[in-house]
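# Notes for the structure review
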Amino acid sequence: MSDLDLWTYSIVGATFALYIGIAIWARAGTTGEFYVAGGGVHPVANGMATAADWMSAASFISMAGLIAFNGYGASVFLMGWTGGYVLLALLLAPYLRKFGKFTVPEFIGDRYYSQSARIVAVICLILASITYVIGQMKGIGVAFSRFLEVPYDTGLYIGMGIVAVYAVAGGMKGITYTQIAQYVVLIFAYTIPAIFISLNLTGNPLPQLGLGSDYMADGGASGLSLLGKLDQVVTDLGFKEYTTQVMGSTLNMFAYTLSLMIGTAGLPHVIIRFFTVPKVRDARYSAGWALVFIAILYTTAPAVGAMARLNLMDTIQTGPIGSETGNLAYDERPDWFKKWEETGLLQYEDKNGDGRIQYYNDADPEFAAKAESYGWKGNEMVKVDRDIMVLANPEIAGLPAWVIALVVAGGLAAALSTAAGLLLAISSAISHDLLKGVIAKGISEKAELTAGRLSMIVAILVAGYLGLNPPGFAAGTVAIAFGLAASSIFPALMLGIFAKRMNRAGAIAGMVAGITVTLLYVFQHKGIFFVPGTEFLMPELGMGPDWFLGISPNAFGAVGAVVNFAVAILVSAVTAPPPEHIQHLVEDVRVPRGAGAAVDH
Amino acid sequence: MTQDNRAGYWRANLRLLIILLMIWFSVSYGFGILLVEPLNAIMLGGYPLGFWFAQQGSIYVFVVLIFVYAGLMNRLDKKYHVSED
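Each value, and the rule that gives it
- Residues numbered from 1 in each chain as written.
- Chains lettered and ligands numbered in written order.
- Predicted model: local features only at pLDDT ≥ 70, side-chain atom pairs only at ≥ 80, totals over all residues.
- Helix = DSSP H or I, 4+ residues; strand = E, 2+ residues; numbered from the N terminus.
- Rg over C-alpha atoms; globule rule 2.2 N^0.38 Å.
- Buried ≥ 20, exposed ≤ 12 C-beta atoms within 10 Å, placed from the backbone.
- Contact = placed C-beta atoms within 7 Å.
- UniProt positions renumbered as here; feature names shortened; annotations may be inferred.
- Nonpolar A, V, L, I, M, F, W, Y, C, P; charged D, E, K, R; others polar.
- Axes fitted to C-alpha atoms, helices over the stretch in contact; angles between N-to-C directions.
- Left-handed = near helix turned anticlockwise from the far one by under 90°.
- pLDDT = per-residue confidence, 0-100.
- Core = buried A, V, L, I, M, F, W, Y, C linked by C-beta atoms within 7 Å.
- Parallel < 35°, antiparallel > 145°, perpendicular 65-115°, else oblique.
- Domains from an automatic or database assignment.

## A word on the overall build of chain A
Along chain A, the regular secondary structure elements total 22 helices and two strands. Here the C-alpha radius of gyration of chain A, 25 Å, is about what a compact globule of 601 residues would show, namely 25 Å. On the principal axes, the C-alpha backbone points of chain A span a range of 80 × 60 × 45 Å. Residues classed as buried in chain A amount to 58% of the 601 residues present. The long-range fraction of contacts in chain A, counting pairs at least 24 apart against all pairs at least 6 apart in sequence, stands at 80%.

## Some details on the overall build of chain B
Counting its regular elements, chain B contains three helices and two strands. Reading chain B from its N end, one meets helices and strands in the order α-α-β-β-α. For chain B, whose C-alpha radius of gyration is 18 Å, the value lies well above the compact-globule estimate of 12 Å for 85 residues. By its C-alpha atoms, chain B is 55 × 20 × 15 Å across when sized along the principal axes. Considering chain B as a whole, with its 85 residues, one finds that 35% of them fall into the buried category. Of the contacts made within chain B by residues no fewer than 6 positions apart, 52% connect residues no fewer than 24 positions apart.

## A few points about the UniProt feature "transmembrane region" (unreviewed entry) in chain B
According to UniProt, the positions carrying the feature "transmembrane region" (unreviewed entry) are residues 12–31 and 51–72 of chain B. Note that residues 51–72 of chain B is 100% helix and 0% strand, and that its end C-alpha atoms are spaced 31 Å apart.

## Considerations on the interface of chain B and chain A
At the interface, 36 residues of chain B touch 42 residues of chain A. Elements with a contribution of two residues or more to the side of chain B that touches chain A: α1 (3–34), β2 (47–48) and α3 (49–79) of chain B. Of all the elements, α3(B) adds the most residues to the side of chain B that touches chain A, at 16 residues. For the side of chain B that touches chain A, the class distribution of residues is 24 nonpolar, nine polar and three charged.

## A word on unusual backbone geometry
Residue and element names in this part refer to chain A. Even without being glycine, Tyr 113 reaches a positive phi, approximately 35°. Relative to the assigned elements, Tyr 113 resides in the loop between α6 (104–111) and α7 (115–147). We note that Leu 549 has phi near 55°; this positive angle belongs to a residue other than glycine. Assignment of secondary structure puts Leu 549 in the loop between α20 (504–526) and α21 (557–573).

## Comments concerning the packing of helix α1 (residues 3–25) of chain A against helix α17 (residues 401–439) of chain A
All names here are of chain A. Their axes nearest at 8 Å, the elements α1 and α17 cross at an angle of 40°. Crossing of α1 against α17: the hand is right-handed. Together, Asp 3, Leu 4, Trp 7, Thr 8, Ile 11, Val 12 and Thr 15 of α1 and Ala 401, Trp 402, Ile 404, Ala 405, Leu 406, Val 408, Ala 409, Leu 412 and Ala 413 of α17 make up the contact between the two elements. In terms of residue class, the contact of α1 with α17 is made up of 13 nonpolar, two polar and one charged.

## With respect to the environment of Glu448(A)
Residue and element names in this part refer to chain A. Relative to the helices and strands, Glu 448 is located in helix α18 (residues 445–468). A tally of 20 C-beta atoms within 10 Å means that Glu 448 is categorised as buried. Contacts of Glu 448, omitting those with residues within four sequence positions, involve Thr 31, Ser 431, Lys 436 and Ile 443.

## Concerning the confidence of the model for chain B
If pLDDT is low for a region, its predicted coordinates should not be looked at in detail. All names here are of chain B. For chain B, the mean per-residue pLDDT works out to 93, and 95% of the residues sit at or above 70. Within chain B, no element has a lower average pLDDT than strand β1 (residues 43–44), which sits at 92, and none a higher one than α3, at 96. Scoring the predicted complex yields pTM 0.92 and, for the interface, ipTM 0.96.

## Quick word on the nonpolar core
In this structure, Leu186(A), Leu423(A) and Ile66(B) are the most contacted members of the largest nonpolar core, which totals 228 residues. The element best represented in this core is helix α13 (residues 280–316) of chain A, accounting for 21 residues. Here Ile66(B) is in contact with Tyr85(A), Val86(A), Ala89(A), Ala287(A), Gly288(A) and Leu291(A), once residues within four sequence places are set aside.

## Some details on the packing of helix α4 (residues 57–70) of chain A against α13(A)
Residues and elements named next belong to chain A. Relative to each other, α4 and α13 sit at 55°, their axes nearing to 8 Å. In terms of orientation, α4 and α13 fall into the oblique class. In terms of crossing hand, the pair formed by α4 and α13 is right-handed. Facing Ser 59, Met 63, Ala 64, Ile 67 and Ala 68 of α4, the residues of α13 in contact are Leu 297, Ala 301, Pro 302, Val 304, Gly 305, Ala 306, Ala 308 and Arg 309. Its residues assigned to classes, the contact of α4 with α13 comprises ten nonpolar, two polar and one charged.

## A word on the environment of Gly220(A)
All names here are of chain A. Along the chain, Gly 220 falls in the loop between α9 (207–210) and α10 (226–236). By the C-beta count within 10 Å, which is 11 here, Gly 220 ends up exposed. In this structure the C-alpha to C-alpha distance between Gly 220 and Thr 202, which are 18 residues apart in sequence, comes to 9.0 Å.

## Looking at the domain arrangement of chain A
When its domains are assigned, chain A resolves into domain 1 (3–310 + 396–472) and domain 2 (346–384). Computed over C-alpha atoms only, the centres of domain 1 of chain A and domain 2 of chain A are separated by 38 Å.

## Quick look at the environment of Leu399(A)
Residues and elements named next belong to chain A. Position of Leu 399 among the secondary structure elements: in the loop between α16 (388–396) and α17. A C-alpha to C-alpha distance of 41 Å links Leu 399 and Ala 486, two positions 87 residues apart in sequence. Residues within four places of Leu 399 in sequence aside, it is in contact with Pro 193, Phe 196, Pro 394 and Ile 404.

## Some remarks on α16(A)
All names here are of chain A. Extensive coverage of α16 is indicated by the burial of nine of its nine residues. Those residues of α16 not exposed but buried are Ile 388, Met 389, Val 390, Leu 391, Ala 392, Asn 393, Pro 394, Glu 395 and Ile 396. Buried residues in α16 make contact with α4, α8 (152–202), α13, α14 (335–342), β1 (346–348) and α17. Looking one or two residues beyond α16, the residue adopting positive phi is Gly 398, at roughly 70°.

## A look at the confidence of the model for chain A
In the predicted model, chain A carries a mean pLDDT of 88, and 97% of its residues have values of at least 70. Mean pLDDT across the secondary structure elements of chain A bottoms out at α16(A), with 81, and peaks at α21(A), with 95.

Pasting the structure below:
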């Protein structure tokens with residue numbers, strides 16, 4: 001067993017033991033503890049748990065890679081996934097906390113005096129959460145298989161087992177305290193390598209400042225800032241300038257950001273975290289703390305992305321462009337390069353047979369002419385998977401084995417914490433909204449608690465099955481989860497609080513219209529339920545790719561939300577106002593006074 | 001608590017929301033997206049300013065906005081006697 005294996009087993013093993021220890025300590029005895037951790041979680045603690053809940057395998061592993069290869073264009077993820085918390089804190093969290101129930105569909109059902117509205121909300125919630133959880137399960141399997149040399153399946157079973165222990169026994173209570181531990185693990189795992197790399201490249205230990213500092217790895221000879229150096233390195237090889245490359249049009253970036261923000265504020269597994277704090281005031285502060293903890297990672301990520309890209313380019317382009325020995329000889333490639341080649345995530349093809357690696361943008365016509373004069377026959381890095389950036393970063397920078405092991409534990413913590421939060425949102429929608437709310441209203445608390453545990457087990461099994469047999473659409477699903485939440489749940493919640501006149505007909509029509517246009521647009525581009533070959537773009541009718549104002553399907557949730565708002569307001573204006581007791585309910589939700597702990601009726 | 005009092009509290013709350021959301025919009029959609037090109041002509045250390053807003057500055061402002069909101073709402077709760085204690 002190598003040094004790295006030993007470190008990885010020890011650190012991952014220690015974190016898992018910690019999670020199980022917390023599970024034994026924090027068992028849930030009541031439905032209140034199972035659904036909302038008894039409603040007594042300190043706002044700072046809840047903020048930390050929310051941050052872990054929110055930051056998934058995608059934030060931890062994929063985002064820096066997205067930034068590395070999209071530069072400025074990836075700002076949509078940075079702003080979208082943080083700015084949503086402002087909407088959540090100002091428009092939803094305090095009011096939903098005041099309402100004081102256990103689930104999001106419960107608010108929608110009560111506010112719109114309608115079981116159908118509640119069931120529509122349950123369906124939206126389950127669709128969004130299941131699609132999201134598949135990604136986490138895959139993340140767990142991949143982390144195990146790549147770093148612990150355990151087969152993908154076995155890794156998945158171990159992950160399912162760990163989540164089952166603390167989520168089934170402890171419910172929200174167990175999940176909350178485990179998420180706090182997981183946050184600590186993942187934030188150290190993310191920031192420590194970033195600090196080392198920032199020091200290497202700029203001499204500044206804070207990555208947030210390092211990204212705006214001078215490039216010092218050459219002793220300051222170039223006189224360029226880090227970003228200036230990166231812009232130069234990538235444009236010299238025909239890639240787009242890092243600090244200005246956009247994602248689609250300006251309007252597309254605008255809509256994309258808006259979609260992610262509204263989607264963030266409408267995701268049920270995040271909203272229910274605010275039901276666990278004692279008071280309305282705590283809900284407001286807790287959202288702020290959550291964003292502080294999230295911001296630590298999200299302001300580090302741009303530095304990780306930019307520095308990883310620069311390190312990668314410099315590793316391959318070792319000398320002046322076009323000179324005979326300016327490119328890394330394939331035989332001299334570093335160990336991490338070989339390791340990632342084995343996984344197929346890095347692929348090299350010696351197109352011009354010179355035994356050296358040329359990595360450049362061969363789609364750029366201007367540079368292609370130059371490349372030809374150097375005797376280059378096309379880009380030879382035929383595959384550079386962006387997901388490897390965070391995982392390979394410590395190795396590229398030559399950091400010690402324990403740092404690499406910590407990154408593995410961090411990736412697992414990020415995936416496990418998000419999976420657990422999603423599974424709780426699913427199981428409480430089943431046991432509380434469907435079973436207790438619709439099917440068997442009279443069941444005792446004890447029976448409901450058992451039902452909650454059982455539905456959690458079923459949810460874990462379903463998620464595990466889908467993780468083992470990922471449906472074809474799994475790749476495109478996270479964006480869909482945001483689109484669904486943005487176009488259905490967020491407008492219904494916001495109008496429920498801010499528009500006293502909003503009624504049942506308006507809310508249901510709005511949700512259905514919003515989700516329908518969003519799904520239609522997505523299906524039109526990516527196939528009906530993502531089945532390949534069923535795309536129905538109609539260029540002859542002016543419906544080519546991104547036909548609606550150049551907006552991509554991933555960014556369309558913003559349009560869906562606008563449709564939802566418009567339809568809801570129009571329909572409610574021409575139908576009868578809600579009954580008087582509902583208008584009182586809205587007035588009551590608007591003031592903090594009189595908020596008890598989250599209670600069942 | 002009178003109806004008047006409630007209406008006044010709600011109006012004050014909405015006024016605060018509108019101001020804070022205007023700032024929220026300006027730093028992200030305004031400085032980070034719509035005005036990014038002209039702002040990039042200005043440098044903040046090694047950062048072009050528009051790029052900085054999009055990848056750093058807007059996030060810092062978001063954090064501050066939520067704490068300002070929480071603090072001002074606490075005062076509003078007390079002023080209108082609708083706080084929880």
